[in-house]
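Geometric and topological summary
The residues making up each chain are set out below.
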Amino acid sequence: MKKIFFLLILVLVFYTSCKTTKPVAKAKPEVTQASVTTQEVATPAVDFSNPSTWLLGYFNPDKLTQMPYSSWFTKGYDEYKINSEAMNKLLDISKDNLKIKIIMGTWCPDSRREVPRFMRILDIWKFPILQLSFIGVDNAKNSPVEEYQSLNIQRVPTFIIYKNNIEAGRIIENPVTSLEQDMVNILTRNE
């Protein structure tokens, strides 16, 4: 009797330990690493309104090419169609004595749209990274940067272009014509 009881308990333990509460998935064709494209790989949705995702203060632009920011940065960078006429004019402008400050919010849809485009233009122009600075702001447009208040930022993104350490102009939130044409207009003013 003890052996039957022991055997019964053993069968119950084995049966319940192998039982799954999830339904069995339908069989799918096998996917090899080579057949997966980046568009097929699901990336988890990121809530950029969550303060834990915000880049605040000075930051290295390489952060934008890393997750979770790369989900919007890479797409915007790759898909932007350059205005070739304006870009050719920009290519003729010297980058010497120029500095650019980019003030943005990773929570801001306008920043997530315009900053990758701007970076593509700067890359084609071969603008020196050492003459570029990024400042991240929160959704109240505050930043833990000492001189930030003197920049008088009302909207983001704001691209401030300096010539000989003097502000030459700004592109605020959206370009008037295109980013590259607005840059040409700012840099050729008074020439």
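It should be noted that the structure appears before, not after, this text.
For the structure given in this document, a descriptive report is provided here. No experiment lies behind these values; they were computed from the predicted model shown. (Residues numbered from 1 in each chain as written. Predicted model: local features only at pLDDT ≥ 70, side-chain atom pairs only at ≥ 80, totals over all residues. Heavy atoms only, no water.)

The next point concerns the overall build of the protein chain. Helix and strand counts for the protein chain come out as five helices and five strands. In sequence order, the secondary structure elements of the protein chain are arranged as α-β-α-α-β-α-β-β-β-α. When contacts within the protein chain are restricted to residue pairs at least 6 apart in sequence, long-range pairs at least 24 apart make up 69% of them. When the accessible surface of the protein chain is split by element, carbon and sulfur atoms take 56% of a total near 12,800 Å². (Helix = DSSP H or I, 4+ residues; strand = E, 2+ residues; numbered from the N terminus. Contact = heavy atoms within 4.5 Å. Areas by Shrake-Rupley, 256 points an atom, 1.4 Å probe, with all protein chains shown as cover.)

A word on the sheet that holds strand E1 (residues 57-59). An order of E1-E3-E2-E4-E5 is seen for the five strands of this open sheet, with the pairing classed as mixed. Edge positions in the sheet fall to E1 and strand E5 (166-172), since each has one partner strand and no second. Each strand axis lies, on average, 25 degrees off the axis of its neighbour in the sheet, ignoring direction. For strand E2 (residues 98-104) and strand E4 (residues 158-163), the ladder comprises six bridges, and the chain directions are antiparallel. From the neighbouring strand, isoleucine 103 faces E4, where its bridge partner is threonine 158. (Pairing = 2+ DSSP bridges. Axes fitted to C-alpha atoms, helices over the stretch in contact; angles between N-to-C directions.)

We now examine the nonpolar core. Of all hydrophobic cores here, the largest spans 32 residues; its most connected members are Leu64, Trp125 and Met183. Here this core gets six residues from one element, more than from any other, and that element is helix H4 (residues 109-125). The next biggest cluster of nonpolar side chains, apart from the first, holds 13 residues, and it includes Trp54, Trp107, Val156 and Tyr162. (Core = buried A, V, L, I, M, F, W, Y, C linked by side-chain atoms within 4.5 Å. Buried < 20%, exposed > 50% of the residue type's maximum accessible area, 1.4 Å probe, protein only.)

Enumeration according to the criterion identifies eight salt bridges in this entry. Notably, a salt bridge pairs lysine 101 with glutamate 147, separated by 3.2 Å at the nearest N-O pair. Of this pair, lysine 101 sits in strand E2 while glutamate 147 sits in the loop between strand E3 (132-136) and E4, and the two are 46 residues apart along the sequence. Judged by its relative accessible area of 29%, glutamate 147 is partly exposed. Connected through shared salt-bridge partners, Asp110, Arg113, Glu114 and Arg117 make up one network. (Salt bridge = Lys/Arg side-chain N within 4 Å of Asp/Glu carboxyl O.)

Attention now moves to the environment of serine 143. Here serine 143 is to be found in the loop between E3 and E4. Overall, serine 143 belongs to the buried group, its relative accessible area being 12%. Residues serine 143 and tyrosine 58, spaced 85 residues apart in sequence, show a C-alpha to C-alpha distance of 8.7 Å. Beyond its immediate chain neighbours, meaning those up to four positions away, serine 143 contacts Gly57, Ile135, Gly136, Val137 and Tyr148. A polar contact is formed between the side chain of serine 143 and the backbone nitrogen of glycine 57, at a distance of 3.4 Å. A polar atom in the side chain of serine 143 sits 2.9 Å from the backbone oxygen of glycine 136. (Polar contact = N/O pair within 3.5 Å; in protein donor to acceptor, adjacent residues only side chain to side chain.)

In this section: the pairing of E4. Burial of E4 is extensive: five of the six residues sit out of reach of the surface. Across six bridges, the pairing between E4 and E5 is antiparallel. Paired with isoleucine 161 across the two strands is glycine 169, which belongs to E5. The antiparallel hairpin formed by E4 and E5 contains two residues in its connecting segment, where asparagine 164 sits at a positive phi of about 55 degrees.

Here the focus is H4. Count 3.6 residues to each turn of an α-helix, and residues three or four apart come out pointing the same way. The end-to-end C-alpha separation of H4 is 25 Å, in line with the 24 Å expected for 17 residues at 1.5 Å each. Immediately downstream of H4, the backbone of lysine 126 shows phi near 60 degrees, a positive value. (Expected span 1.5 Å × (residues − 1).)

Glancing now at the packing of aromatic side chains. Working definition: an aromatic ring pair is given by the centre-to-centre distance plus the angle between the planes. As enumerated under the stated definition, the model contains seven aromatic pairs in all. Judged by centre distance (6.4 Å) and plane angle (80 degrees), the rings of phenylalanine 48 and tryptophan 72 are edge-to-face. Placement of the pair is phenylalanine 48 in the loop between helix H1 (2-18) and E1 and tryptophan 72 in helix H2 (residues 70-79), with a sequence separation of 24 residues. Both rings, one in tryptophan 72 and one in phenylalanine 73, keep their centres 6.3 Å apart while their planes meet at 70 degrees; by these two values the pair is edge-to-face. Since its relative accessible area comes to 7%, phenylalanine 73 is described here as buried. One aromatic cluster is present, formed by Phe48, Tyr69, Trp72, Phe73 and Tyr77 through successive ring pairs. (Phe/Tyr/Trp six-rings, centres within 6.5 Å; stacked < 30°, edge-to-face > 60°.)

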